Amino acid sequence: MTLDVARIREDFPILERTARGGGQLVYLDSGATSQKPQQVLAAEQGMYSRSNAAAHRGTHLLGEESTDAYEGARAKVAAFIGAEPDETVFTRNATDAINLVAYGMSNAATSGPEAARFRAGPGDEVLITEMEHHANLVPWQQLCQRTGARLRWIPVTPEGRLDLAGLGELINSRTKLVAVTCQSNVTGTVPPVAEIAAAAHRAGALVVGDGAQLVPHQPTDVTALGVDFLAFSAHKMLAPYGLGVLYGRSELLAALPPFITGGSMIEVVRMEETTFLPPPQRFEAGVPPVAQAAGLSAACDYLTGLGMENVAAHEEALTGHALKALAEIPGVRILGPLTTEDRGGAVSFEVAGIHPHDLGQVLDESGIAVRAGHHCAWPLHRALGVQASTRATFYVYNTHDEVDALAEGIRTAQRFFGET
Ligand code: PLP
């Protein structure tokens, strides 16, 4: 079913504001963070104005309502990705979720026998890819530096796909863990995660999927994806900041040592030692972000109401339009795949003779918000032979007219900088 974008736009109050220059806002930066519909804003505000209390702590009515809202949100998110609630851990964001696994692995060195499978050290290897966001790169680099394990990576091809030719050697009996993006935030590339995960599992390795750009945009089923862990952020899927999710297979979460310790994650505390609650609470130290979780729950309802298949189809149409419109502009080089096959809606490009920051500024003068820079994927930019790029990303509220406005904005910038 086609999305009724005009109707959807009415749900997003921010789209009514004017942009620089007094014109209409053209928001093409949802890959960085999405806008929030009134349903999500109302859910978050409703928690604060009606039921605000610390979840899992109060014995009073508000505490009970707060706990119910928090656990209800967990069940909602779990269903959204085909997981069980006890496999769904709330974190601060995707970055935090990935660090939870990386630090859990470090902490395994001093934990009991059940944590043995997470221990990494000299002779072990951690495999990532050259197209990772820094959030799925630096934590693994750091883990390797702390433990003496070796970091390896799958290279990218000039087209911005993963070069899987050497996969047979890269995944081997030394491989402890494979961490891979499910959709690049720069090129939109969708790697064959299930295939990579199957190879990793045959070698006895764990698999972490970075779902930050997948879960908001495509129907997601963790079982079909084949990953052991999946990280994503609420703020990129119409929901509030300050909340992320780590999916983890039950038996793995049950054996993984905690990352952050303190209140709310303990079973019994004595001065000498502490025992921990089972997952997911074991990984949720401190007072939980209930209002944000209520917002995420409303966002899942909103997206489910639209139908994730329809969301994906809408974005594919916009992406196809953008790829065609930009390819027609002389001097524009699109980074990554030039068709929508196995490709999501991040369209990054360079324009000959114009620095991305200058281009971003000229587009902003026309009310068009894009991202300029390395998009937290510096090694990928190096591999593609560019320092930086300009990136347009799409979501449920974007229109084909906005894609045309982007193309026209690029031509305007070329005239401005004398590059035509
Ligand atoms: N992974 C990818 C692919 C991303 O695009 C991002 C954010 O842009 C992240 C991870 C990190 O997300 P967050 O900053 O919300 O933790």
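Keep in mind it's a predicted model, so treat the numbers as computed, not measured.

For the rest of this paragraph, the subject is the overall build of the chain. Counting its regular elements, the chain contains 14 helices and 15 strands. For a compact globule of 420 residues, the expected C-alpha radius of gyration is about 22 Å, and the chain comes in at 22 Å, within 12% of that figure. A burial count over the chain gives 56% of its 420 residues as buried. Taking the intrachain contacts of the chain between residues at least 6 apart in sequence as the baseline, contacts between residues at least 24 apart amount to 71%. For the chain, the accessible area works out to roughly 17,000 Å², and carbon and sulfur atoms hold 53% of it.

On to the packing of aromatic side chains, then. Taken as a whole and assessed by the stated rule, the structure comprises 6 aromatic pairs. Arranged with centres 5.1 Å apart and planes meeting at 45°, the rings of Tyr 70 and Phe 90 form a pair that is tilted. One end of the pair, Tyr 70, is in helix α3 (residues 61-80); the other, Phe 90, is in strand β2 (residues 88-91), and 20 residues separate them in sequence. Here Tyr 70 matches Phe 90 in class, with each residue buried. Centroid distance Phe 416 to Phe 417: 5.0 Å. Interplanar angle 85°. Geometry classified as edge-to-face. For Phe 417, a relative accessible area of 30% corresponds to the partly exposed category. An aromatic cluster is built from Phe 12, Tyr 302, Tyr 395 and Tyr 397, whose rings are joined through pairwise contacts. For Arg 146, the ring lying beneath its charged end belongs to Tyr 103, and the centroid distance is 4.0 Å.

This brings us to the site of the ligand. Every residue near the ligand is listed here: Asn 93, Ala 94, Thr 95, His 133, Ala 135, Asn 185, Asp 210, Ala 212, Gln 213, Ser 233, His 235 and Lys 236. Between the ligand and Asp 210, the relevant distance is 2.5 Å, taken from a nitrogen atom to a side-chain nitrogen or oxygen of the residue. The separation between an oxygen atom of the ligand and a polar side-chain atom of Gln 213 is 2.7 Å. When the ligand is considered free in solution it has 390 Å² of accessible area, and contact with the protein chains removes 90% of it. Within the shell around the ligand, the residues separate by chemical class into 3 nonpolar, 7 polar and 2 charged.

It is worth spelling out α3 at this point. Helix length check: α3 (20 residues) gives 28 Å between terminal C-alpha atoms against 28 Å at 1.5 Å per residue, within 8%. Buried residues of α3: Gly 63, Ser 66, Thr 67, Tyr 70, Ala 73, Arg 74, Val 77, Ala 78 and Phe 80, and no others. Buried positions in α3, seen along its axis, are confined to an arc of 165° and lie on one side of it. Residues of α3 that are exposed and point more than 90 degrees away from the buried face comprise Leu 61, Asp 68 and Ala 79. Buried residues along α3 sit against α2 (38-51), β2, β7 (229-233), β8 (244-248), α10 (290-306) and α11 (308-327). Phi turns positive, to about 75°, at Gly 82, one or two residues after α3.

On to the side chain of His 217, then. Along the polypeptide, His 217 turns up in the loop between β6 (206-210) and α8 (222-225). Given a relative accessible area of 4%, His 217 falls into the buried group. Within polar-contact distance, the side chain of His 217 engages the side chain of Glu 315 at 2.8 Å. Apart from the residues within four sequence positions on either side, His 217 is in contact with Met 308, Val 311, Ala 312, Glu 315, Phe 394 and Tyr 395.

Domain boundaries in the chain define domain 1 (5-30 + 307-417) and domain 2 (43-304). Relative placement of domain 1 and domain 2: their C-alpha centres are 29 Å apart. With 35 residues of domain 1 at the interface, the matching set in domain 2 holds 32 residues. Between domain 1 and domain 2 lies a buried interface of about 2,600 Å² when both sides are counted; carbon and sulfur atoms form 59% of it. Interface area lost by domain 1 to domain 2 is led by Met 308, Leu 380 and Tyr 395, which between them contribute 25%.

Below, the discussion takes up the packing of α11 against helix α14 (residues 400-416). At their nearest, the axes of α11 and α14 sit 10 Å apart, and the two run at 20° to each other. With respect to each other, α11 and α14 are oriented roughly parallel. Crossing handedness for the pair α11 and α14: right-handed. Seen from α11, the contacting residues are Ala 317, Leu 318, His 321, Ala 322, Ala 325 and Leu 326; seen from α14, they are His 400, Val 403, Asp 404, Leu 406, Ala 407 and Ile 410. For the contact of α11 with α14, the residue count by class is 9 nonpolar, 2 polar and 1 charged.

Scoring rules and cut-offs
- Residues numbered from 1 in each chain as written.
- Predicted model: local features only at pLDDT ≥ 70, side-chain atom pairs only at ≥ 80, totals over all residues.
- Heavy atoms only, no water.
- Helix = DSSP H or I, 4+ residues; strand = E, 2+ residues; numbered from the N terminus.
- Rg over C-alpha atoms; globule rule 2.2 N^0.38 Å.
- Buried < 20%, exposed > 50% of the residue type's maximum accessible area, 1.4 Å probe, protein only.
- Contact = heavy atoms within 4.5 Å.
- Areas by Shrake-Rupley, 256 points an atom, 1.4 Å probe, with all protein chains shown as cover.
- Phe/Tyr/Trp six-rings, centres within 6.5 Å; stacked < 30°, edge-to-face > 60°.
- Lys NZ or Arg CZ within 6 Å of the ring centre and 35° of its normal.
- Near = heavy atom within 4 Å.
- Polar contact = N/O pair within 3.5 Å; in protein donor to acceptor, adjacent residues only side chain to side chain.
- Nonpolar A, V, L, I, M, F, W, Y, C, P; charged D, E, K, R; others polar.
- Expected span 1.5 Å × (residues − 1).
- Arc of directions from axis to C-beta.
- Domains from an automatic or database assignment.
- Buried area = accessible area lost by both parts, 1.4 Å probe.
- Axes fitted to C-alpha atoms, helices over the stretch in contact; angles between N-to-C directions.
- Parallel < 35°, antiparallel > 145°, perpendicular 65-115°, else oblique.
- Left-handed = near helix turned anticlockwise from the far one by under 90°.

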